[in-house]
Amino acid sequence: QVQLVESGGGLVQAGGSLRLSCAASGSAVMFNVMGWYRQAPGKQRELVATSSLSHTTNYADSVKGRFTISRDNAKNAVHLQMSSLKPEDTAVYYCYALPYSGSVSWGQGTQVTVSS
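Scope of this entry: the structure provided in the associated data block.

### Brief notes about the environment of Gly 35
Position of Gly 35 among the secondary structure elements: in strand β4 (residues 31-39). Sequence separation between Gly 35 and Arg 66 is 31 residues, and the spatial gap between their C-alpha atoms is 16 Å. Ignoring sequence-local partners within four residues, the contact set of Gly 35 consists of Ala 49, Thr 50, Ile 69, Tyr 94, Cys 95 and Tyr 96.

### Regarding the packing of aromatic side chains
Scanning all chains against the criterion turns up 3 aromatic pairs. Centroid distance Tyr 37 to Trp 106: 5.3 Å. Interplanar angle 75°. Geometry classified as edge-to-face. Pair noted here: Tyr 37 is in strand β4 and Trp 106 is in strand β10 (residues 105-106), with a separation of 69 residues, a long-range link. Since its relative accessible area comes to 37%, Trp 106 is described here as partly exposed. Chaining the aromatic ring pairs together yields one cluster made of Tyr 37, Tyr 96 and Trp 106.

### Some words on the side chain of Thr 110
Turning to its location among the elements, Thr 110 is positioned in strand β11 (residues 110-115). Since its relative accessible area comes to 11%, Thr 110 is described here as buried. When sequence neighbours within four positions are dropped, the list of residues in contact with Thr 110 reads Glu 6, Gly 9, Leu 20, Ala 91, Val 92 and Tyr 93.

### Concerning the sheet that holds strand β3 (residues 18-25)
Strands sit in the order β1-β3-β8-β7 across an open sheet of 4 strands; the sheet is antiparallel. Edge strands, defined here as strands with exactly one partner in the open sheet, are β1 (3-7) and β7 (67-72). Pairwise comparison of adjacent strand axes, ignoring direction, gives a mean angle of 15° for this sheet. Two elements, β7 and strand β8 (residues 77-82), share 6 bridges in a ladder whose sense is antiparallel. Counterpart to Asp 72 in the pairing with β8 is Ala 77.

### Examining the pairing of β11
Here β11 shows one buried face, formed by Thr 110, Val 112 and Val 114, and one open face, formed by Gln 111, Thr 113 and Ser 115. Direction of pairing for strand β9 (residues 91-99) relative to β11: antiparallel, over a ladder of 3 bridges. Counted as the bridge partner of Tyr 93 is Thr 110 from β11.

### Topic: the pairing of β8
Where burial is concerned, most of β8 is hidden: 5 out of the 6 residues are buried. Note: β3 against β8, 6 bridges, orientation antiparallel. Note that in β8 the partner of Cys 22 across the bridge is Val 78. Following β7, the chain reverses through 4 residues before pairing antiparallel with β8; Asn 76 in that reversal takes a positive phi of roughly 55°.

How each quantity is defined
- Residues numbered from 1 in each chain as written.
- Predicted model: local features only at pLDDT ≥ 70, side-chain atom pairs only at ≥ 80, totals over all residues.
- Heavy atoms only, no water.
- Helix = DSSP H or I, 4+ residues; strand = E, 2+ residues; numbered from the N terminus.
- Contact = heavy atoms within 4.5 Å.
- Phe/Tyr/Trp six-rings, centres within 6.5 Å; stacked < 30°, edge-to-face > 60°.
- Buried < 20%, exposed > 50% of the residue type's maximum accessible area, 1.4 Å probe, protein only.
- Pairing = 2+ DSSP bridges.
- Axes fitted to C-alpha atoms, helices over the stretch in contact; angles between N-to-C directions.

As structure tokens, then:
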């Protein structure tokens, strides 16, 4: 059974930076896509960024130019470097991993709070 373990959330002032990390364990499967979603209070979960196995990336318009996703295929891990953070980036951030076959896996979520 795949487990995604996230780390790196916390409290930061507007304009600051945080780095989120997610590592997959419990399976040797390589994931086609790994990435991050987020959910703010009272809002739907939304895509933040994804990275394919070949490192093709995709970003939500709201984070382009500020966030960078990177992937370590050897460690089955994905990272999200967040810079120029804004209060509207405050949310629970979820790591997810999509294999070539089978169902998606989700992390437990990590809180990111940006104060103004």
